[in-house]
Protein chains: 2
Amino acid sequence: MYRTHNCGALRESYVGKEVTLAGWVQKSRDKGFIIWIDLRDRYGITQLVFDSERTPKTMMEQARSLGREFVVQVTGTVIERVSKNSDMPTGAIEILVSHLTVLNEALTPPFTIEDNTDGGEDLRMKYRYLDIRRNPVKENLILRHKVTIAVRNYLSNQEFIEVETPYLIKSTPEGARDFVVPSRMNQGQFYALPQSPQTFKQLLMVGGMDKYFQIVKCFRDEDLRADRQPEFTQIDCEMAFVEQKDIINTFEGLTRHLLKEINDVDVAEFPRITYDEAMQRYGNDKPDIRFGMEFGELNEIAQHKEFNVFNSAELVVGIAVPGANTYTRKDIDKLIDWVRRPQVGALGMVYVRCNEDGSFKSSVDKFFDREDLAKWAEITGAKSGDLICVLSGAANKVRGQLSALRMELAERLGLRDPKVFAPLWVVDFPLLEWDEDTERYHAMHHPFTSPKPDQIALLKTDPGAVKANAYDLVLNGNEIGGGSIRIHDKATQAMMFDYLGFTPDEAKEQFGFLMNAFEFGAPPHGGIAFGLDRLVAILGGQETIRDFIAFPKNNSGRDVMIDAPANIDAEQLKELSLILDTPK
Amino acid sequence: MYRTHNCGALRESYVGKEVTLAGWVQKSRDKGFIIWIDLRDRYGITQLVFDSERTPKTMMEQARSLGREFVVQVTGTVIERVSKNSDMPTGAIEILVSHLTVLNEALTPPFTIEDNTDGGEDLRMKYRYLDIRRNPVKENLILRHKVTIAVRNYLSNQEFIEVETPYLIKSTPEGARDFVVPSRMNQGQFYALPQSPQTFKQLLMVGGMDKYFQIVKCFRDEDLRADRQPEFTQIDCEMAFVEQKDIINTFEGLTRHLLKEINDVDVAEFPRITYDEAMQRYGNDKPDIRFGMEFGELNEIAQHKEFNVFNSAELVVGIAVPGANTYTRKDIDKLIDWVRRPQVGALGMVYVRCNEDGSFKSSVDKFFDREDLAKWAEITGAKSGDLICVLSGAANKVRGQLSALRMELAERLGLRDPKVFAPLWVVDFPLLEWDEDTERYHAMHHPFTSPKPDQIALLKTDPGAVKANAYDLVLNGNEIGGGSIRIHDKATQAMMFDYLGFTPDEAKEQFGFLMNAFEFGAPPHGGIAFGLDRLVAILGGQETIRDFIAFPKNNSGRDVMIDAPANIDAEQLKELSLILDTPK
């Protein structure tokens, strides 16, 4: 060992002891006759001292020559500091150094190794190994470790078994695009990397392994939106002999355990609302319920006047923005511009100021009187001092627009407190969703999701109305987990593939093994998968996942540190019987 | 929940209670007026009873119709058995069924779901989901889970952090062949799947994360020898500010913990022997030390007579086979045939019978007298009743041959007791090994392994003699872990790449990021990686890994259950700009 203690360990009780530390030079202060050096490792910072009275001259010179991020080993005596620093755990002591060894030198780092670095995103990614030395990134990775250990022990104590499923599997066109892996031993054929272990965990249920989980990498070759990664990590779970409520109870327990264990937060029973209710109340299937601003539907009380914008709309819906009557006319004009941006897409916005004196002032005073507006206030829950924002149009679109506005305003008003945790379950998702491009129904969750048994007949007459035993766990406006009760009989599964446009041959070729398995005694089963990256980010009080991943890729799917992907040898291509079809 | 209890839970204390169970029909016995059914789940078997006095007739018929592996749910009363079965945990009770629901039917399984199945390897692999229902496979997977939980908690308690490293990385020609993944977003370029997270864990050390581990899948596109898998799992570990002995102590602690926790075996301090000593004493760098039969080198006492076979040999070496003087002449002839098989490759074998009366009878009595043979017995440690087997030839070859013979005889003599655990460390491995094919030195461990500092000069004059700070952990004749102290400065790393035949440009292109990282304050570091599949198999008392992997691949790298790898769509190839170069 190069050290007897780490740089976060020493306290006043060690005074007088000889210790050896090793770490990185965080900074040094040279007063000529005395030099202080902050020595840093994963565990903290300890101050080293060299002074002309007690330190040999050669060592003074050596100490003076140490640059930032040099790796050094020191032996010395723990002494009490003259001026203690109560902000640092080791702030009561310093080390009077008697031996100094430079273990490795360092070039000046391209950005400062400080909590608030001067390094931009690109530079930090290229030198990620230096970025990881910074406390915020380091603490995120440690948090991630704590979360995974807590998940594993909680589930293991509940008799779940972690089973590793294979990474080299078979490509299936359904869902997102697969990454594929050419096989050298099976010429012309390819493996695919799993988008999730879905079919394998179902086969484990058929295999009797009735409580399964796995923390596992998954892969999707998608055009990367911001904050998506081509490889990401799931907490993947499945149970047999369960109904929807059993899975919800089990994983509500897990989530509550994590909130307590990691964030020391107690959360009562999570609300459970249906998908339809979520859309109606929040315009969103992953509502942030840390704050109110619930939707008030105004059709009945806003379509009786001569205001054609409303009268022609499928839905007129508003929210009460708390305290926003202080917004100036200019502020409101900017807000209207904001909802009219193409990303939101509203045509305009009606607003009502709820004055302190009980009066209202709206942008549609020409059409609506005080009595009308008082009803709007009642429905949206607006109080004196609030601002009511009303959008109208086709129901689905306007809900999305008002949801975007609601989130934006909550952000501006500081209502999205990262220290507050408000989980909820959204249940009874639609089984299918209509895809405009392909003009057919797609599975909203995935093709293995079970329709609600009493709605199977509805599949023939009104497929879009069929609800599934599918549920999402939502935390602070993010979907952190989603799952469903699965189909467990061959006939229903074949019917689903048929509805999803598979020919019987395609279904057999791609999922024949699963449908065959269902014929050998498949138990009722269902499960859930959590997005670990996002879960950890939210528990860490943040919403971007990148700094909770040790070595993330950029938006082009590149690892800029190792410079991958890259060209491969002609020899490798030849062994795989592949030719590149690249433009000259 | 489909059940109130599982099939392993009920005891006599539950008599009189109403319970609901769900599971699979293991077997049924129909006596006409009474039917017993064994209901099985992951946790055990519970006996159900239906009888004509207490069971309605329709339910009797229903019970009679249940086939093997049907999935059923039953509600009933726990009653005391008339004839108890003390071999079963639930053998004191049975369930008098009042409600019976068939949850799913089952075709007759293609092999019996019993501990000793009638299914061959191929059939079991194709229907792996049925194979997993069998106790031996199920228990292996549960053991694997227990081992990984124990590893994670032990290391986590020692302040190790599990960090996920990326799966989509860069291909490097050194070492085994990579699996590659074509990139759609970066046309013509490829990711590679990691053969190990080696460079990333070293970068984590540079990043200050001084105790890292990860249980992680690794990939090698090798022609599969028996019992190798293209994807396999490592317990990958790295530490900074450590020397070889620190790593050995830490992971000896982990291994001792596992042996205690999993097998309830206490092992004293593990022996530590050098590679050279292992080769001399056992002819093998992963010796099985559960038994003796250590090599006795006989050159000095066997090359003074007219026996040219010995006189011309670089090494004459023998082992004493305990009790094997009972072997008939025919047995010994067969043994000689065995060592002459091409897989072993010896030209012949000299033997000496050590008779009970103290006399010797050898195949070379013509050349050697009693006094000679007594010395051989002394050196090999042979006692009355033993058989001495002697091989001769070029030192390296003959050591390998005698090691193979030693292992074979130990197997035959039942000396390889799977319940005995004899770990040891083999240290000071050679840095380089000569490769006959390419006529150059290859890194024996990998190119990041540090030569012993005092031997760097020797690299120029006698590269093959240079030893490394590299070590293996051996358990019962299997290498279960291996690692080294790494190079942590750019100059030494560049020199190593040079010795291994990399041009400076190649080194820079492939490992430039690592060598750059070494310039920004890399700490001394080293690590180890355990092969989890093999470790679990050995802890489970077996040597083949396949049944400790949920969904293994066959020797052609195929998953015969899902039928992968497979052809992919022309559209997928086009998106990847790839053309198949397959023979017409």
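Above this text you will find the structure in question.
Analysis parameters
Residues numbered from 1 in each chain as written. Chains lettered and ligands numbered in written order. Predicted model: local features only at pLDDT ≥ 70, side-chain atom pairs only at ≥ 80, totals over all residues. Heavy atoms only, no water. 1 Å grid on protein atoms, 1.4 Å probe; cavity = no way out; pocket = protein on both sides within 12 Å on 5 of 7 lines; lining within 4 Å. Points joined across faces, edges and corners; volume = space filled by probe spheres on them. Nonpolar A, V, L, I, M, F, W, Y, C, P; charged D, E, K, R; others polar. Helix = DSSP H or I, 4+ residues; strand = E, 2+ residues; numbered from the N terminus. Phe/Tyr/Trp six-rings, centres within 6.5 Å; stacked < 30°, edge-to-face > 60°. Buried < 20%, exposed > 50% of the residue type's maximum accessible area, 1.4 Å probe, protein only. Least-squares fit on C-alpha atoms with pLDDT ≥ 70 in both. Contact = heavy atoms within 4.5 Å.

Caption draft 1: Spatial organisation of empty space enclosed by the protein. Taken as a whole and judged by the stated rule, the model has 11 cavities of 30 Å³ or more. Approximately 350 Å³ is the volume found for the largest cavity. The wall of the largest cavity is formed by 24 residues, among which Arg-152 and Ile-215 of chain A together with Arg-152, Glu-162 and Ile-215 of chain B lie closest to the centre. For the lining of the largest cavity, the per-class residue count stands at six nonpolar, eight polar and 10 charged. The calculated volume of the second largest cavity comes to roughly 140 Å³. Looking at the second largest cavity, it is lined by 18 residues, and the ones nearest its centre are Lys-217, Ile-549, Ala-550 and Phe-551 of chain A together with Glu-164 of chain B. Elements with a minimum of two residues in the lining of the second largest cavity: helix 4 (135-157) and strand 10 (231-240) of chain A. Considering each element in turn, the lining of the second largest cavity owes the most residues, three residues, to strand 10 of chain A. Looking at side-chain class alone, the lining of the second largest cavity contains eight nonpolar, three polar and seven charged residues.

Caption draft 2: View of the packing of aromatic side chains. Taken as a whole, this structure holds 47 aromatic pairs over all chains when the rule is applied. Judged by centre distance (5.5 Å) and plane angle (70 degrees), the rings of Trp-24 of chain A and Phe-241 of chain B are edge-to-face. Of this pair, Trp-24 of chain A sits in strand 1 (residues 18-30) while Phe-241 of chain B sits in the loop between strand 10 (231-240) and helix 6 (244-263), placing the two residues on different chains. The burial state of Trp-24 of chain A is the same as that of Phe-241 of chain B; both residues are buried. Between Phe-448 of chain A and Phe-511 of chain A the ring centres are 5.2 Å apart and the planes differ by 80 degrees, which places this aromatic pair in the edge-to-face class. One end of the pair, Phe-448 of chain A, is in the loop between strand 19 (440-443) and helix 13 (458-461); the other, Phe-511 of chain A, is in helix 15 (residues 504-517), with 63 residues separating them in the sequence. Here Phe-448 of chain A matches Phe-511 of chain A in class, with each residue buried. What links up through ring pairs into an aromatic cluster is the set Phe-307, Phe-310, Phe-367, Phe-368 and Trp-376 of chain A.

Caption draft 3: The relation of the copies chain A and chain B, seen in detail. Once turned by 180 degrees and shifted 0.0 Å along the axis, chain A lies on chain B with an RMSD of 0.1 Å. Taken together, the rotation and translation describe the operation of a two-fold axis. Looking at the interface residues of chain A, 100% of them are also at the interface in chain B, so both copies use one shared face.

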